[in-house]
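# Architecture at a glance
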Amino acid sequence: MILKINKKYIVAVMLLFLIVQPIYLNYILEPTRIYKLGRYVLMGGVLLYYIKKRFKTSPIIKTLFFWQLWVYFITVLKGQDVSTALRYGEQLLILFTIFDAYKKNYNFILKAMMIHCELCTYINLLTLVCFPQGFFSRTIAAYGSSQEWFLGVHNYFIVWLFPSLVVASIYKEVIGNRIRANILMIGVVITAIINMSGTGRVAIFSFLIIMYLPNIIKKHMSPIGSMIAILIGAFVIVVLQKFDFLKIIVVNLLGKDMTMNSRVMIWSNAIKKIEESPLWGYGYISEQNMPYYIGTIKSILWKGATHCHCQYLQVLFHGGIIGFLLYIMMLFCAIRSVKKCKNRKIVNICIISIVVFMIMGITEVMTYTFVYSVIPLVYYACEQCEDKLYTV
């Protein structure tokens, strides 16, 4: 019986690595036929899963599906990067479907996620310590010749390490193994201290600071109110570009200038383009072509402007107002699910996770799939609370 369970965990972890590969594995495996065959097999399995369920599924899966379907439709209509739109949509749908398939056995997928996060965090930390100048290098559009580790360039670390914090926090409460969870969290913090982007450090330490606020403060955190406040904050910072109040963080703590490493000019360019096609957007545009839309800075074309440096602008750029509303509906489904949960500790973790995820989106783009795992982690944790599979 034990052997059978172990085999199931091995399979689940292998599936996660196939869907959401660390950058180094992606660099090695993506060109191979095995990787492409694995994608087709997984999508076939997802299709059979929904046929068996007669396409009945949770609201969060529906909003994800229609969001990605809309963006794919616009990408085809505009003649843009269809292969990227399809691959991105496939990965998100497979990831969310795995959580849906195990929603009655949330502990299983949580344990598999824990193993995945531990492997990614510890191997990356090992490469960071042993190879401080970089574990491998390649040429990419945004950085030219890159300096990368197991999880890629230091800007990408947060894609795996923030979900790792969320997994460890939920694991601690649901499974009860506090030592193992705390060790993973320490690994994340050490990585953040050694080498991580400014946004990544803000996300990691914001999550931990809010988590350890007195319960009397966290008790009054409104899930919907928090979501609305962040969207208003994003509008003020990105669209109105009023962020002098952040100077102590941007300049004093992160050591950056108040253009946020040219983000302000990229935001302005992206907003102009969005205004030209507000309802539809442009679909997915290749990294090679994206700078021609948003990369002109002081009459110079910067080839590193491969995305909008703001998740909300990026979503609007890809799918216009319609795509943006579907994306917000998905986040709304996740954060609203806390109302079903009676476990106050789980509620706090879930609210803080979505709040920090949304704060990250103000200055970063969720380029890689694994960072989205926070959404089904939160949603199905609260669904399980409703079914009373674990209690306060």
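Residues numbered from 1 in each chain as written. Predicted model: local features only at pLDDT ≥ 70, side-chain atom pairs only at ≥ 80, totals over all residues. Heavy atoms only, no water.

### Looking at unusual backbone geometry
Non-glycine residue phenylalanine 55 carries a positive phi angle of around 60°. With respect to the helices, strands and loops of the structure, phenylalanine 55 is situated in the loop between α3 (33-52) and α4 (59-78). At histidine 309, a residue that is not glycine, the phi angle is positive and equals roughly 55°. Within the fold, histidine 309 resides in the loop between β4 (300-301) and α15 (311-336). Overall, histidine 309 belongs to the buried group, its relative accessible area being 14%. (Helix = DSSP H or I, 4+ residues; strand = E, 2+ residues; numbered from the N terminus. Buried < 20%, exposed > 50% of the residue type's maximum accessible area, 1.4 Å probe, protein only.)

### Examining the packing of aromatic side chains
Under the criterion given, the structure shown has 23 aromatic pairs. Their ring planes at 50° and their centres at 6.3 Å tell us that tryptophan 67 and tyrosine 372 sit as a pair that is tilted. Taken together, the residues span a long stretch of sequence, with tryptophan 67 in helix α4 and tyrosine 372 in the loop between α16 (344-363) and α17 (374-386) at a distance of 305 residues. There is no split in this pair, since tryptophan 67 and tyrosine 372 are both buried. Linked through ring pairs, Trp67, Tyr88, Tyr284, Tyr327, Phe357 and Tyr372 together constitute an aromatic cluster. (Phe/Tyr/Trp six-rings, centres within 6.5 Å; stacked < 30°, edge-to-face > 60°.)

### Comments concerning the confidence of the model for the protein
Taken residue by residue, the protein gives an average pLDDT of 86. The fraction at 70 or more is 89%. Per-residue pLDDT stays below 50 along residues 388-392; that stretch engages in eleven contacts with residues further than four places along the chain or on separate chains. (pLDDT = per-residue confidence, 0-100. Contact = heavy atoms within 4.5 Å.)

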